[in-house]
Amino acid sequence: MSEQVTYRDAVGAAIRDAMTADDRVFIMGEDVGRYGGTYAVTKGMIEDFGEDRVRDTPLSESGFTGAGIGAALGGMKPIVEIMTVNFSLLALDQILNTAATFRHMSGGQLNIPVVIRISTGAGRQLAAQHSHSLENWYAHIPGLKVLAPATVQDAYAMLRPALEDPDPVVIFEHVMLYGRTEALDKEATVDLSSAAVRRNGSDISLITYGGSLYKTLEAAEKLAEDGISAEVIDLRVLRPLDDATILKSVGKTRRAVIVDEGWKTGSLAAEVSARIMEGGFWSLDAPVGRVCSAEVPIPYPKHLEDAALPQVDRIIAAAKLALGR
Amino acid sequence: MSAKDKDLRPHLTRDHCLDLMRNMLRIRRFEEKAAELYTQEKIRGFLHLYIGEEAVATGVMQTLTPEDAIVATYREHGHALVRGVPMTGVMAEMYGKSGGVSKGRGGSMHIFSAEHRFYGGNAIVGGGLPLAVGLALADKMQNRPNVTVCFFGEGAAAEGEFHESLNLAALWQLPVLFVCENNLYAMGTALARSESETDIHAKAASYKITSEAVDGMNVVDVEAAARRAVAAVRDGKGPYFLECRTYRFRAHSMFDPQLYRSKDEVTEWEEKGPIRRFSDWVTKSGLLHADDIEAIEADIAKEVEDAVAFAEASPWEEVETLLEDVGAAS
Ligand SMILES: Cc1ncc(C[n+]2csc(CCOP(=O)(O)OP(=O)(O)O)c2C)c(N)n1
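Residues numbered from 1 in each chain as written. Chains lettered and ligands numbered in written order. Predicted model: local features only at pLDDT ≥ 70, side-chain atom pairs only at ≥ 80, totals over all residues. Heavy atoms only, no water.

## With respect to the overall build of chain A
Quick note on the threshold: Every helix listed is a DSSP run of H or I at least four residues long, and every strand listed is a run of E at least two residues long, numbered separately from the N terminus. Our radius of gyration is a C-alpha quantity, and the globule rule it is checked against amounts to 2.2 Å times the number of residues to the power 0.38. Each residue's exposure class comes from its accessible area (1.4 Å probe, protein chains only) as a fraction of the maximum for that residue type: buried when under 20%, exposed when over 50%, partly exposed otherwise. The Shrake-Rupley method, run with a 1.4 Å probe, gives the accessible areas here. Residue values count only the displayed protein chains as cover.
Helix and strand counts for chain A stand at 14 helices and 14 strands. Taken over C-alpha atoms, the radius of gyration comes to 19 Å for chain A, in line with the 20 Å a tight globule of 325 residues would show. On the principal axes, the C-alpha backbone points of chain A span a range of 60 × 45 × 45 Å. Buried residues in chain A amount to 62% of all 325 residues. Accessible area for chain A stands at about 12000 Å²; split by element, carbon and sulfur atoms hold 52% of it.

## Thoughts on the packing of aromatic side chains
All names here are of chain B. Quick note on the threshold: To pair, rings of Phe, Tyr and Trp, with the six-membered ring standing in for Trp, must have centres within 6.5 Å; the planes then decide the type, stacked if under 30 degrees apart, edge-to-face if over 60, and tilted in the middle. Geometrically, a charge over a ring is one whose NZ (Lys) or CZ (Arg) sits within 6 Å of the ring centre while staying within 35 degrees of the ring normal.
In the structure shown here, the tally under the stated rule is 16 aromatic pairs over all chains. Connected via pairs of aromatic rings, a cluster forms that spans Y185, Y247, F249, Y260 and W269. The ring centre of Y185 lies 5.9 Å from the NZ or CZ of R261, which sits over that ring. Of note, K272 hangs over the ring of W269, and the distance from its end group to the ring centre comes to 4.2 Å.

## Some words on the environment of R180 of chain A
All names here are of chain A. Keep this limit in mind: In what follows, residue pairs with any heavy atoms lying within 4.5 Å of each other are defined as contacts.
You can see R180 is positioned in the loop between β7 (169-174) and β8 (181-185). A sequence separation of 29 residues divides R180 from T151, and the C-alpha atoms of the two residues are 8.6 Å apart. Not counting residues within four places of it along the chain, the set of residues in contact with R180 comprises V5, T6, Y7, V152 and Y214.

## Focus: the site of the ligand
Residues and elements named next belong to chain B. For the record, the criterion: Here a residue is considered near a molecule or strand provided that any single heavy atom belonging to it is located within 4 Å of it. Here a polar contact means two N or O atoms within 3.5 Å. Within protein one must be a hydrogen donor candidate and the other an acceptor candidate, and residues neighboring in sequence count only if both atoms are side-chain atoms. Three classes are used, and their members are as follows: Ala, Val, Leu, Ile, Met, Phe, Trp, Tyr, Cys and Pro are nonpolar, Asp, Glu, Lys and Arg are charged, and the others, Gly among them, are polar.
Within the structure, the ligand sits among 15 residues, and Y74, R75, A123, G155 and N183 are positioned closest to it. Backbone polar atom of V125 to a nitrogen atom of the ligand: 3.1 Å apart, as the coordinates give it. Within the complex, 73% of the 590 Å² of free accessible area of the ligand lies under protein. Across the shell around the ligand, the residue classes tally to eight nonpolar, four polar and three charged.

Dropping the structure here:
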């Protein structure tokens with residue numbers, strides 16, 4: 001049942017299938033309609049579903065994100081697309097102060113089943129206002145679920161449970177993943193609570209998510225050439241974190257390196273590291289390592305952008321350091 | 001005046017006048033009690049009183065059906081009460097007790113009632129406007145004939161969310177009634193000290209939204225304007241904007257020493273207060289008698305007393321429930 005598709009088309013197919021299955025589902029955002037989506041995810045959709053359900057919005061991130069939240073409160077199932085995580089900061093008020101709080105603030109009377117898709121990450125030389133990885137800012141917020149599908153399969157399969165979830169779900173799509181082609185089985189399902197072990201290993205756990213997954217897998221390949229068996233965990237659900245999978249892996253390998261495109265200070269990697277400390281300290285044979293982005297706004301020139309981000313060689317070095325090799 | 005316009009005028013029957021009077025007085029007496037309870041430390045945190053502005057919520061709310069939606073601010077006790085949210089649940093919410101409408105989780109600033117389509121209780125200035133736009137969008141997309149009414153202060157007009165929301169509502173021709181409660185001050189900042197254009201309703205007009213300014217101290221005028229507005233919105237004519245010119249008699253919140261305005265100014269406005277004005281008019285015109293008003297006062301005194309008793313008797317939420325209602329129970 002599987003076919004080869006791009007990540008971009010997998011997301012697009014998931015949206016189309018959801019809109020076909022449920023009249024309440026619609027997508028709204030800047031340039032999702034006539035333009036076809038900044039990353040072409042919604043290309044052709046407006047012709048098939050009309051401009052009510054593929055709704056172009058003005059440049060009003062707070063306004064249209066809040067409108068999506070309101071529409072969810074009013075019984076619709078909106079998918080709000082925000083072009084880039086940097087722009088999502090203009091909508092943060094609505095996401096944090098409205099979407100994430102209403103259930104609690106109303107004593108459980110109200111819930112907001114909105115899905116917000118945000119592209120994230122660096123690698124396209126878009127410089128310091130279009131390249132950041134702020135997933136952890138959202139993963140900090142109780143009341144939200146935060147997803148970072150890294151594979152074509154997850155890009156397709158995670159949207160359905162996200163839309164079925166009664167609470168707000170934020171989905172991060174790393175911009176370097178849109179062009180990747182992989183197998184997709186549309187029938188396979190996924191839950192919104194578990195991390196995935198992408199490669200089995202026994203010497204060290206490499207824990208990552210989103211755009212860093214493929215770099216981490218490549219590092220694991222190279223480590224294997226040196227006789228090091230690395231396990232690779234794709235967190236894919238950033239809130240709530242799947243502690244059990246993380247601790248099980250570390251319990252087995254006794255060493256961990258976390259690869260996270262966010263800035264190191266206050267990063268998701270720091271959170272995962274703390275959880276390993278709290279839940280797996282006595283099984284560790286080495287300090288937990290972190291490979292994160294350098295503490296700098298992402299620079300424009302290719303060589304500096306590359307230098308700012310986690311790369312395969314840095315992952316290998318961090319793994320070897322943990323192994324004392 | 002056409003037959004249709006005549007239909008839209010408030011029908012000032014004796015019963016209707018009793019109702020308007022009762023609604024305004026319920027807010028006034030409830031909030032006077034709340035202020036007293038605040039000094040006794042029964043109510044804590046922020047408490048924003050609506051005293052002086054009662055004609056706005058009362059007048060606007062006359063025109064709504066139970067299916068219509070309401071979005072309000074942190075100064076929303078009055079709106080909740082007129083909407084029919086029980087006074088007991090509102091009072092207990094202000095106490096932070098489990099019998100509160102939101103199980104005490106919200107307090108004075110966050111009154112919600114799903115049953116009454118009362119969506120807060122929003123304490124981010126301007127934050128309720130996008131939400132109202134979305135509720136209206138959902139109604140429009142699902143072909144429901146509902147109107148969403150969004151109340152906010154004139155301070156919100158300086159926020160980006162105000163402008164984004166007005167534009168979206170007009171662009172998509174959504175069934176929203178925006179009601180600006182212009183009480184001339186945002187905390188201590190007078191309108192002219194924060195806006196280059198102080199005529200708020202003109203801003204709405206610039207988005208091609210039908211817009212009018214009304215005397216917010218006159219409940220009949222507010223109701224008349226709201227009837228026109230809601231009829232137009234329900235008719236599919238897109239959003240409508242009412243600027244109700246009013247005044248808050250009390251401090252912004254209980255922490256406000258009111259350094260920014262004079263006592264004389266407040267007294268002047270109190271003299272044209274909405275309750276005083278309406279009761280003078282209905283008694284002079286013979287629609288109501290002094291003993292009608294006394295009877296209402298007696299009913300309300302009892303209702304307020306019952307609400308306080310309810311809140312006092314209501315238990316606190318168990319600390320074990322702390323993490324409840326953050327997400328769906330899994
Ligand atoms: C975004 C935001 N900024 C600042 C505040 C603090 N604040 C609370 S009420 C208020 C004044 C708002 O005035 P207005 O909108 O005119 O409403 P009013 O209080 O007069 O009813 C301010 C500045 C806030 N709650 N939200």
